[in-house]
Amino acid sequence: MVSVISSVDTGHEDMIHDAQLDYYGTKLATCSSDRSIKLFDVSSGQQVPIADLRGHEGPVWQLCWAHPMYGSVLASCGYDRKVIIWKETNGSWDKLYEYSNHDSSVNSVCFAPHELGLVLACGSSDGSISVISTTGDGNWDAKKINNAHTIGCNAVSWAPSTSPNALFDQGARQQPAKRFVSGGCDNLVKIWREEDGQWVEDQKLEGHSDWVRDVAWAPSIGLPRNVIATCSQDCRVIIWTNDGTSNHWTSRVLNKFSDVVWHVSWSVTGNILAVSGGDNKVTLWKESVEGQWTCISDVNKGQGQITDQRSSSG
Amino acid sequence: MQAAMHNMTKVVQDKVSPTHNLPMSINCDGPVNAMDMNKDMSKVVVAGRQVFKIIEVEDDMFVETSNLRVGKPKNINLNYSAADVAWNHNDENMLASAATNGAVVIWNLSKQVKSKQEFVFMEHKRSVNRVVFHNSEAYQLLSGSQDGTMKLHDLRRKQVTLTFMGRSSESVRDIQFCPANLGYFSFAAAYENGIVQIWDMRRPDRCEKHFTAHNEPVFALDWHPEDKHWLATAGRDKMIKVWDINKQPAQLLYVVQTIASVGRIKWRPQRRYHIANCSLLLDHNVNVWDVRRPYIPFACFEQHKDVATCVLWKDPHILLSTGKDYMLHQHIFQSAKRPGDFVIPSGVDISIHGDVCLAYKERTAAVKGKEAGKISMFGRKTSQSRSELFFTQANSSLAVFQQIAEPNTEDEFAAQQMSPTQLASEDVSMTSFLELAKKYRLKGLTTEELCRHNSAAAAAVDKYQVAQTWQIMGNIFCTKTSSTKSTSLQVPRINVTPNAPMDRQDVEKGKAVSSPDNEVEVVRSDNDKEKNGEISTGTDSDSDGESSEFEKNQLADIASGLGHNGDFFFGDGDNETLSYPLGITVQGGEDWTQLPSEAFQPRHEITGPAAPPDRLDHDSLMVAAVESDAVAVMTPIEESEPSEQYLNLNIDCSAFHAGTVLDYTSTAVDIICCFAEQGDIQSAVSMLIVLGDHVRSHIDGESQENWFMSYIDLLSRFRLWTIASEVIALSHLPQVMQLNQSSTSIHTACPHCMRTMERSGWLCDRCKSVVNMCSICHCPVKGLAVWCQGCCHGGHIQHIQDWLVGNILCPEGCGHMCEYT
């Protein structure tokens, strides 16, 4: 059964664009058009407001929590072309760093796996992607991929650091591969790889016929393959898989929905995909043993009802 | 005259085909500071530091008609560089410009000479920021200057008739006459100190109203074209504010947040809530806001490459703008970018506990209906488009969903086919993961006991497949070892013969007795008995053929821990099948007793594992069954009915007879790998640890490390540090073990200068002194030291102990009442 355990009164004055739970699932961060970011403690089952972060001068589009080894760190990006990294010290939240080197709205932020350090990728409407990193001494370094997506980049997502390629490259122990995937207004999904300190395009995945809205690289839990979920304005969700030993990616359309698909999100173990679309529904999908994707539950957001998509097949 | 005719036809054309307007632009050859239109909106004057031009607005293009910046270069003085420009509303040929040297210049386009300059007022002491003509009094021109005054010029008398001056001499940044139909004598003035004043032209001595609109300079204001009480102001504080100035004090109705200082604002005609703005810096766009939705622009024009300096509405659908990028643009509203349409209205995330968190856009049907009614009432002209409706009603809800396992109220047989939702709940919810992480024992007992314990733990959280696999593992490795160990001493040997229906029935009876609280179970056992009887006859004849095969559920399916409780098909040579609901295994695997052994001939007397005496027979039977399973896994897997998620395994029982020594290690390795591939890293890693040396060498170290890292990562996400640490310690992988050895140093700081001690723990590099000396003997402490955390004093443990026997205060003399625990 899926049921709504709670509706959160966020107190936002405008549309909420993103909601992210932290690494431990104890804190919930929401961001809204009203330029604020609100944090809630959800560990008790109740939503206790803990902070209201104001610093953006326009709608805040997306949030990302860093790995807790860097403390309570949250990154946000918004219409005001800024990326702000927030940090909690002794219960109070302050700006740790502000990056404002984009020429247009910043649509997406994503922290890299913690093994790579405190590294953040940001995709902007100016078509570029920035990779911001810190050495920990307060100095921040930014590398910019210009014209990564014409018209604009909508989403970025990092590959898990335990690279399946490690099995393939039987050589000496390497640095964890730095890769991330991005999706943009050019309907393309691109995979980027760092090579000698420079970011180069590794793969260009064509499959969507409209803006790519979200990309999500599945967490790999000991799995020898790469899985990426992408969703688009063309109402489709595509699952891209790569066996980890070659550069070949195969695509499979998970489903064609009746409305725009806004978000895709993987569960912690990477075997459940949550898809949220313009029809105010979130659906959960799971890959069966044979590689078929089936909808295992269907949550109607408005009412918190569910319908079982799959008849009794077990 | 001809021009007038031309304009007439143009107006007619516009009325006939209003949709024919095109976006167009012209390069003005220099940064433009301001512009204004003539009354019938056919011409635009653009002015800047190096630009002063009249541009005609054609249907499809701008045409430059005259350049007012003419004359000998030496004559072109500051009077020609305008900060603002105004076109007389009544006299088509009269223009006024404001110069940075404080001059107000009047231009007459009807002059026959090249220079159209008519007259220059030099009344202001500093630069003039704004010039405006009165809406109906053709010869009244108002100017506002940096010197803090506003002057009303009479163009016929060519002199200043009135001077308005606020109480402070703050610079005037903007002045606007109240629209003609709303207030004849009123005008508003914006000051650099954030004050806005409303003046009456008839009372130059003091203002009518006075209020602080912004905390920073006000750069622009605009009267609402329809509502005379509404005044919009904007300034450096990046806000556009809408005031009801009829109230006392002025009431703030709406606040719009922009991303940069606002340079100009202009209400959109016929749209009550729409206002256009351009920014002084940073933002090159011309934005149109709906004041009811103050955070995101309703429409956005992105043509300018540098900041836009001035905006003007030609009509509700056409907007002109000039910019520092030399350009004059005509924007068609239809082609505007609507940022509201591109925003992502929902957010979704799955927490590690399996809760789905979702933010989504609210759509209130009731409001929609109400607005729809409005549309029909006011007719097409004032109707709001649907997009506008949706635009202003932006609101979101946030919900948290939880995957709740359905309480299993049905009987055990129904549980055979778990409902899909229950599958989902097990998949997404991590509660069983947590439970198992806490309950699993990974060391301290024999392999077999660990397996048994873990099996029970898995069964307790309804992970039957994992439980069974643990049992299989336990039995694989305990049977191998039990022959060498003396555990078999406790166990009487029992013979399981293929033709032992009596035995089996006994077993089943025993089973039935052992679970007296479940009547259904007993009934079912009886049913099975009949089936078993049938089968056993077949088995009697066929078991000698050494080729009986049985089909069963794919073990991988079990291993997956998916929660599928499929049927086991256990057939013999006659293709008779018997189904076993394995999902009903509750504890200790009693149900395994129902696995008949007649399908194959046990190759030897089975030595039961260590078990409580009352369950001996069950266990031994179970071993038999387990062995068959184990062999099944060794054989190649063949997919026969993928759609039903069943995999049939073929097993050649000859292996039981032929093989003298069977090595199950590869089986176990396969199972572990299978778990890992299914994403059940917990089972894989736990089994890897428990089975330890049996399997470790058979699995590639790199993947082992990956599994361990993943599992440790997961454990730490659930804050199960102790368990994670135990897993690390038991990993036997150097790369993993070193996790427990990193970051174990404690850094200390010098108590005098608070500088971290880099080189050694007892010498401060900066103070050049030995720190942490014993308070009693004043020597550096080597070996055990204690110090009070309250005052940071301490020393040799023996010294301090001795001291504290007779004293309670710090031996250093600091007066602190030291506390040691």
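Note that the structure is a prediction, hence the values are computed from the model and not measured.

Draft legend 1. Structural context of the overall build of chain B. The number of helices and strands found in chain B is 20 helices and 39 strands. Looking at chain B residue by residue over its 821 residues, the buried ones come to 54%. Considering only contacts within chain B whose residues lie at least 6 apart along the sequence, 53% involve residues at least 24 apart. Approximately 36500 Å² of chain B is accessible, and the part contributed by carbon and sulfur atoms is 51%.

Draft legend 2. The overall build of chain A, seen in detail. Looking only at helices and strands, chain A features one helix and 26 strands. Within chain A, the fraction of its 314 residues that count as buried is 63%. Partitioning the contacts of chain A with sequence separation of at least 6, the portion at a separation of at least 24 is 42%. Element-wise, carbon and sulfur atoms account for 44% of the exposed surface of chain A, whose accessible area totals about 11500 Å².

Draft legend 3. Spotlight on the pattern of salt bridges. Residue and element names in this part refer to chain A. Counted under the stated rule, the structure contains 31 salt bridges over all chains. The closest approach of N and O atoms between K82 and E98, which form a salt bridge, is 3.5 Å. Separated by 16 residues along the polypeptide, K82 in the loop between β7 (73–78) and β8 (83–89) and E98 in strand β9 (residues 92–99) bring together distant segments of the chain. A residue is classified by how much of its surface remains accessible, and E98, at 30% relative accessible area, is partly exposed.

Draft legend 4. Structural context of the sheet that holds strand β28 (residues 327–332) of chain B. All names here are of chain B. Spatial ordering of the open sheet is given by β1-β28-β27-β26, a layout of four strands whose pairing is antiparallel. Edge positions in the sheet fall to β1 (24–27) and β26 (308–315), since each of these pairs with one other strand and no more. The mean angle between the axes of side-by-side strands here comes to 15°, regardless of whether they run parallel or antiparallel. Here five bridges tie strand β27 (residues 318–323) to β28, and the two strands are oriented antiparallel to one another. If you follow S321 over to β28, its bridge partner there is H329.

Draft legend 5. Structural detail: the packing of helix α17 (residues 701–717) of chain B against helix α18 (residues 721–729) of chain B. Residues and elements named next belong to chain B. Contact pair α17 / α18: the axes reach a minimum separation of 8 Å and the direction vectors enclose 165°. One finds that α17 runs roughly antiparallel with respect to α18. In the packing of α17 onto α18, the handedness of the crossing is left-handed. Contacts from F708, Y711, I712, L715 and S716 in α17 reach W721, I723, A724, V727 and I728 in α18.

Draft legend 6. Molecular detail of the environment of Q251 of chain B. Residue and element names in this part refer to chain B. Take Q251: it is sitting in strand β21 (residues 251–257). For Q251, a relative accessible area of 34% puts it in the partly exposed group. Put simply, Q251 and A213 are 38 residues apart on the chain and 10.0 Å apart in space, counted from C-alpha to C-alpha. Filtering out sequence-adjacent residues up to four positions away, Q251 remains in contact with V242, W243 and D244. Among the polar contacts made by the side chain of Q251, one reaches the side chain of K247 at a distance of 3.0 Å.

Draft legend 7. Quick peek at the UniProt feature "repeat: WD" (unreviewed entry) in chain A. In the numbering used here, UniProt assigns the "repeat: WD" (unreviewed entry) feature to residues 9–50, 53–87 and 205–240 of chain A. Helix makes up 0% of residues 53–87 of chain A and strand 54%, with an end-to-end C-alpha separation of 11 Å.

Draft legend 8. Quick look at unusual backbone geometry. Each neighbour pair has its own omega, and for Q248 of chain B with P249 of chain B the value is 0°, a cis peptide bond. Among the structural elements, P249 of chain B can be located in the loop between β20 (239–244) and β21. Positioned with a positive phi, I151 of chain A is a non-glycine residue whose angle comes to about 75°. Structurally, I151 of chain A can be placed in the loop between β13 (140–145) and β14 (153–158). Positive phi outside glycine occurs at D462 of chain B, with the angle close to 70°. With respect to the helices, strands and loops of the structure, D462 of chain B is situated in the loop between α7 (447–460) and α8 (464–482).

Draft legend 9. Fine view of the packing of aromatic side chains. Residue and element names in this part refer to chain B. Summed over the entire model, instances satisfying the criterion amount to 30 aromatic pairs over all chains. Where Y184 meets F185, the ring centres are 4.9 Å apart and the plane angle is 70°; that geometry is what we call edge-to-face. For F185, a relative accessible area of 28% corresponds to the partly exposed category. Connected via pairs of aromatic rings, a cluster forms that spans F164, F177, F187 and W199.

Draft legend 10. Focus on the nonpolar core. Residues and elements named next belong to chain B. In this structure, M473, I672, L691, F708, L715 and V727 are the most contacted members of the largest nonpolar core, which totals 54 residues. Counting residues per element, the ones that place at least two in this core are α6 (431–439), α7, α8, α14 (665–677), α15 (681–691), α17 and α18. If we skip the residues at most four places from it in the chain, I672 touches M473, A684, M687, L688, L691, V695, I699 and W707.

Draft legend 11. Representation of a nonpolar patch on the surface in the model. Taken together, L280, L281 and L282 of chain B make up a surface patch of nonpolar side chains, about 280 Å² in accessible area. In this fold, L281 of chain B is placed in the loop between β23 (274–279) and β24 (286–290).

Draft legend 12. Seen up close, the pairing of β26 of chain B. Residue and element names in this part refer to chain B. Most of β26 is tucked away, with seven of its eight residues classed as buried. Taken together, the six bridges between β26 and β27 define a ladder with antiparallel strand orientation. Looking across to β27, one finds that D315 is bridged to I318. Connecting the antiparallel pair β26 and β27 is a turn made up of two residues.

Draft legend 13. Layout of the UniProt feature "repeat: WD" (unreviewed entry) in chain B. Residues annotated in UniProt with the feature "repeat: WD" (unreviewed entry) correspond here to residues 121–163 and 211–246 of chain B. What you have in residues 211–246 of chain B is 0% helix and 56% strand, and the ends, taken at the C-alpha atoms, are 12 Å apart.

Thresholds applied
Residues numbered from 1 in each chain as written. Chains lettered and ligands numbered in written order. Predicted model: local features only at pLDDT ≥ 70, side-chain atom pairs only at ≥ 80, totals over all residues. Heavy atoms only, no water. Helix = DSSP H or I, 4+ residues; strand = E, 2+ residues; numbered from the N terminus. Buried < 20%, exposed > 50% of the residue type's maximum accessible area, 1.4 Å probe, protein only. Contact = heavy atoms within 4.5 Å. Areas by Shrake-Rupley, 256 points an atom, 1.4 Å probe, with all protein chains shown as cover. Salt bridge = Lys/Arg side-chain N within 4 Å of Asp/Glu carboxyl O. Pairing = 2+ DSSP bridges. Axes fitted to C-alpha atoms, helices over the stretch in contact; angles between N-to-C directions. Parallel < 35°, antiparallel > 145°, perpendicular 65-115°, else oblique. Left-handed = near helix turned anticlockwise from the far one by under 90°. Polar contact = N/O pair within 3.5 Å; in protein donor to acceptor, adjacent residues only side chain to side chain. UniProt positions renumbered as here; feature names shortened; annotations may be inferred. Phe/Tyr/Trp six-rings, centres within 6.5 Å; stacked < 30°, edge-to-face > 60°. Core = buried A, V, L, I, M, F, W, Y, C linked by side-chain atoms within 4.5 Å. Patch = residues over 30% accessible without salt bridge, like charges linked within 9 Å, V, L, I, M, F, W, Y side chains within 5 Å.

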